[in-house]
Amino acid sequence: MIDGPYFWLVVLGVLGTGLVAGVFCAFSTFVMRALAALPPAQGVAAMNSINVNAVRPPFMAVFAGSAVLCAVIAVVTFVLWPDEGTAELLVGSALYLFGSFGLTIVANVPRNDALLKLDPGTTEASTYWPTYLREWTMWNHVRAIASGAAAVAYVLALT
C-alpha cells in the first residue's frame, strides 16, 4: 500500500487528472456541439475567446500542475519502485503526460493558434471552421480519454 506523502501526491494526481478529464469531456460532449451550431463567424469568435481565456491561471494551474505532478509521481515511482502499484503509477503518468499534456501541445494548440489568426467574419475563417471543429474535437476526445484513464490508473495504484 502506498502511504505517507507519496499517497497524498498520488491522490492529488487523481484529482488533477480527473478534473482535466472533466473539462475535456465537457468540450467533447456539448461545448463543441454548441459552437458548431452557431454561424461560423460566431463559433470562431467564441472559440477564440475560450482559447484566450483557457491559458489563465485557474485552468493552467490544474492542467500544467497535473503534468508536473505526473512527472514527479513517475520519478518517485522509479526511485522508490514500490511493491504494489508501480505499473499503474507509470501508466497513469504516461497517459497524462503524453496523451493529454503532450497531445495538447502537438495537436490542439497549433489548431487554436491557426484559428486565432483568422478574422471570424472572413470566408477563410468560415472555410476553416468545419475542419477545425472536426480535427480539434477528435484530438480532444483522445485527451479526455487519456486524462480519465490516468485518473483511473492512479486510483488502481492506491487500492
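Scroll up to find the structure.
Residues numbered from 1 in each chain as written. Predicted model: local features only at pLDDT ≥ 70, side-chain atom pairs only at ≥ 80, totals over all residues. Heavy atoms only, no water.

**So, the packing of aromatic side chains**
Right, so step 1: Enumeration over the complete set of coordinates arrives at ten aromatic pairs.
Right, so step 2: Centroid distance Phe7 to Trp8: 4.9 Å. Interplanar angle 85°. Geometry classified as edge-to-face.
Right, so step 3: Trp8 gets classed as exposed once you look at its relative accessible area, which sits at 56%.
Right, so step 4: Centre to centre, the rings of Trp129 and Tyr132 are 5.7 Å apart; their planes meet at 10°, and the pair counts as stacked. A residue pair is termed a helical-turn pair when its members lie 3 or 4 positions apart in one helix, as Trp129 and Tyr132 do in helix H5 (residues 123–158) at three residues. Of the two residues, Trp129 and Tyr132, neither departs from the other in class, the shared state being buried.
Right, so step 5: Looking at Arg143, its charged tip hangs above the ring of Phe24, at a distance of 3.8 Å from the centre. (Phe/Tyr/Trp six-rings, centres within 6.5 Å; stacked < 30°, edge-to-face > 60°. Buried < 20%, exposed > 50% of the residue type's maximum accessible area, 1.4 Å probe, protein only. Helix = DSSP H or I, 4+ residues; strand = E, 2+ residues; numbered from the N terminus. Lys NZ or Arg CZ within 6 Å of the ring centre and 35° of its normal.)

**Some thoughts on the environment of Gly43**
Right, so step 1: With respect to the element layout, Gly43 can be found in helix H2 (residues 40–54).
Right, so step 2: Sequence separation between Gly43 and Ala26 is 17 residues, and the spatial gap between their C-alpha atoms is 17 Å.
Right, so step 3: Beyond its immediate sequence surroundings of up to four residues, Gly43 is in contact with Leu35, Leu38 and Trp129. (Contact = heavy atoms within 4.5 Å.)

**Re the pattern of salt bridges**
Right, so step 1: Taken as a whole, this structure holds one salt bridge when the rule is applied.
Right, so step 2: Here Arg111 makes a salt bridge to Glu135, at a shortest N to O gap of 3.0 Å. One end of the pair, Arg111, is in helix H4 (residues 86–116); the other, Glu135, is in helix H5, and 24 residues separate them in sequence.
Right, so step 3: Judged by relative accessible area, Arg111 falls into the buried class, the value being 18%. (Salt bridge = Lys/Arg side-chain N within 4 Å of Asp/Glu carboxyl O.)

**What about the state of the cysteines?**
What is meant by a disulfide is a covalent connection between two cysteines, made through their sulfur atoms.
Right, so step 1: Following the criterion strictly, the structure yields zero disulfides and no others.
Right, so step 2: This cysteine, Cys25, is not joined by any disulfide, and Cys70 carries the nearest cysteine sulfur, 18 Å off.
Right, so step 3: Residue Cys25 is classed as partly exposed on the basis of its relative accessible area of 38%.
Right, so step 4: Cys70 gets classed as buried once you look at its relative accessible area, which sits at 0%. (Disulfide = S-S within 2.5 Å.)

**Let's talk about unusual backbone geometry**
Right, so step 1: Phi angles above zero are rare outside glycine, and Trp81 is one such case at about 40°.
Right, so step 2: The residue Trp81 is located in the loop between helix H3 (57–80) and H4 in this model.
Right, so step 3: With relative accessibility at 48%, the residue Trp81 sits in the partly exposed group.

**Looking at the side chain of Asn108**
Right, so step 1: With respect to the element layout, Asn108 can be found in helix H4.
Right, so step 2: Take Asn108: its relative accessible area is 0%, and that puts it in the buried class.
Right, so step 3: Every residue in contact with Asn108, bar those within four places of it in the chain, is listed here: Leu103, Trp136, Trp139, Asn140 and Arg143.

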